[in-house]
Amino acid sequence: MLPEGKFAQTAKLIPYQHTGTFTGYGDAVDLSGYVCVVGAPRTDPGIAFVHNFRVSEKEHGVQILPAPAGSSSTEGFGKAVRISEDSNWIFVGAPDANKVYVYHKKNNVEFNQITLTSSTTPALVHDGVSAGETYDIGWTPTNINSVVVKASATNILTPGIDYTITGSVITIIPAIDTNITSLEITQAPYYVMQTELTAPIGINADAEFGKFLYCNKDGSELFVGAPSETGAGGEVDAGKVYCYQRRVEFQKSNSLTTSYTPTPDITSMANVYVGEQELLDGTSYTDALSSTSEIILTETVESGQKIKFSSTHWDKVQELTAPSEDNIANTLFGSQIAVDSSGAGVYVTAPGYKTSFYDSGKVYRYAKKNRYLGKATAKVANPSLTAGDNL
């Protein structure tokens, strides 16, 4: 038995594949609980894998997120990956195109599964020759990413590359090998792309916006490093960090109404949660924005429950650069980013910082002082206090 505190290798992750070769698997990795995200940016057109180590009966063990349709094979999709602590948000950097893709987990999706073989209806064609075979699976998937198509435990098809879906019909693009005797198609909770963040207009093409990513616990705050951005004075590779926030609003239920009115720009693109449970749009609630800025639940919620309205809209709220006296060429400010547990302190590295007197790189700390120190809102002269009084 190993002494306490020592690690032993217990598993090995590999890039599940059906066609082609996944190169660069492991160039980036992040973990939240039992969910691990691995980037394979040197694959054409770039892929991120989502591995779930604790799979329930109605969950995907792995999901493949290819670069969105129309993406260039030179974007570097997957060079940086980040998953929020609650596992609901995944961010994938494509720094060679100055982009970041935002994925959100959809938990409320109907579970469905079908296994095709040569004796089922429809029957699986696996002659190793026929390509473009279509199969009507009898139900309509929510999204092409909501289904995982498996030929075996380690042979998983890539959405948009190995198959497409139209209505209830799935089209398998490559010929299925003769040694593959079944095809399992499963719909379960999944990650779907919701937003594409692009670098501000005017940024240099090789700024590497998205080379490093960091987010807070619930994925409502995102920090994007662009270490090769040219400075305002023409300083090459000076670098910058962009801070984004997703609009989130909370209300308490009163059990007497099903109508809630969050801020209009949240209502128009909301995900709605009661506690930690996401509600299903169109089933558990409706968006009445066409007439009023309302979210209408189909049932009342127990009084005092916290209802969260989480927008898919991101605001760029701040840009961080090195202090003016250190804003010189080749510092690569934004190469690495870390945020403390309070969310009020941000640390940014500039490993390339070098002068004729100094050649060690630097790390800068930025703080939200009101979060650390508080803010005085009133004062009382000569207060009279006794033991047990609350301040």
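The shown structure was predicted, so the numbers you read here are calculated from the model rather than taken from an experiment. (Residues numbered from 1 in each chain as written. Predicted model: local features only at pLDDT ≥ 70, side-chain atom pairs only at ≥ 80, totals over all residues. Heavy atoms only, no water.)

(A) View of the overall build of the protein chain. Counting its regular elements, the protein chain contains 2 helices and 27 strands. Within the protein chain, contacts between residues separated by at least 24 positions form 61% of all contacts whose residues are at least 6 apart in sequence. As displayed, the protein chain offers around 20,100 Å² of accessible surface, 50% of which is attributable to carbon and sulfur atoms. (Helix = DSSP H or I, 4+ residues; strand = E, 2+ residues; numbered from the N terminus. Contact = heavy atoms within 4.5 Å. Areas by Shrake-Rupley, 256 points an atom, 1.4 Å probe, with all protein chains shown as cover.)

(B) Representation of the layout of surface pockets within the structure. When its volume is computed, the largest pocket comes out at roughly 360 Å³. What lines the largest pocket is a set of 19 residues, among which Glu85, Tyr214, Cys215, Asn216 and Lys217 lie closest to the centre. Elements that contribute at least two residues to the lining of the largest pocket include exactly β1 (28-32), β5 (80-83) and β16 (212-215). For the lining of the largest pocket, the element with the most residues is β1, which contributes 3 residues. Classifying every residue of the lining of the largest pocket gives 5 nonpolar, 6 polar and 8 charged. (1 Å grid on protein atoms, 1.4 Å probe; cavity = no way out; pocket = protein on both sides within 12 Å on 5 of 7 lines; lining within 4 Å. Points joined across faces, edges and corners; volume = space filled by probe spheres on them. Nonpolar A, V, L, I, M, F, W, Y, C, P; charged D, E, K, R; others polar.)

(C) Geometry of empty space enclosed by the protein. The tally for this structure, following the rule as stated, stands at 3 cavities of 30 Å³ or more. Of the pockets and cavities examined, the largest cavity occupies roughly 120 Å³. The wall of the largest cavity is formed by Val35, Val50, His51, Asn52, Glu59, His60, Val62, Gln63, Lys105, Pro189, Tyr190 and Tyr191. The set of elements that each furnish at least two residues to the lining of the largest cavity consists of β3 (47-52), β4 (62-66) and β15 (190-198). Counted by class, the lining of the largest cavity contains 6 nonpolar, 4 polar and 2 charged residues.

(D) View of the nonpolar core. In terms of nonpolar packing, the biggest core is built from 18 residues, with Phe91, Val100, Phe209, Leu222, Val224 and Tyr244 touching the most fellow members. Going through the elements one at a time, β6 (89-94), β7 (99-106), β16, β17 (221-226) and β18 (240-252) are the ones with two or more residues in this core. No other element matches β17, which puts 3 residues into this core. Apart from the residues within four sequence positions on either side, valine 100 is in contact with Phe91, Val92, Gly93, Thr195, Glu196, Leu197, Phe209, Gly210, Leu213, Leu222 and Val224. Counting 17 residues, the second-largest nonpolar core is a separate cluster that includes Ile114, Leu124, Val147 and Ile172. (Core = buried A, V, L, I, M, F, W, Y, C linked by side-chain atoms within 4.5 Å. Buried < 20%, exposed > 50% of the residue type's maximum accessible area, 1.4 Å probe, protein only.)

(E) Quick peek at the packing of aromatic side chains. Counted under the stated rule, the structure contains 9 aromatic pairs. A centroid spacing of 5.8 Å and a plane angle of 85° characterise the contact between phenylalanine 91 and tryptophan 314, whose relative ring orientation is edge-to-face. Here phenylalanine 91, found in strand β6, pairs with tryptophan 314, found in strand β24 (residues 306-320); they are 223 residues apart in sequence, far enough to count as distant. The pair formed by phenylalanine 91 and tryptophan 314 is uniform in burial state, with each residue classed as buried. With a centroid separation of 6.3 Å and an interplanar angle of 85°, the aromatic rings of phenylalanine 333 and tyrosine 366 are classed as edge-to-face. (Phe/Tyr/Trp six-rings, centres within 6.5 Å; stacked < 30°, edge-to-face > 60°.)

(F) Local environment of the sheet that holds strand β25 (residues 337-339). Spatial strand order, β25-β26-β27: 3 strands in an open sheet with antiparallel pairing. Of all strands in the sheet, those with a lone pairing partner are β25 and β27 (362-367), marking the two edges. Adjacent strand axes in the sheet meet at a mean angle of 20° when their direction is disregarded. Alignment of strand β26 (residues 345-350) against β27, held across 6 bridges, turns out to be antiparallel. By the bridge assignment for β27, alanine 350 is matched with lysine 362. (Pairing = 2+ DSSP bridges. Axes fitted to C-alpha atoms, helices over the stretch in contact; angles between N-to-C directions.)

(G) Spatial organisation of the sheet that holds β5. The antiparallel open sheet is built from 4 strands, whose spatial order is β5-β6-β7-β15. Looking at the sheet topology across the chains shown, the edges are occupied by β5 and β15. For this sheet, the mean angle separating the axes of adjacent strands, direction not counted, is 20°. Bridge analysis of β5 against β6 gives 4 bridges, and the strand direction is antiparallel. Bridge pairing links alanine 80 to glycine 93 in β6.

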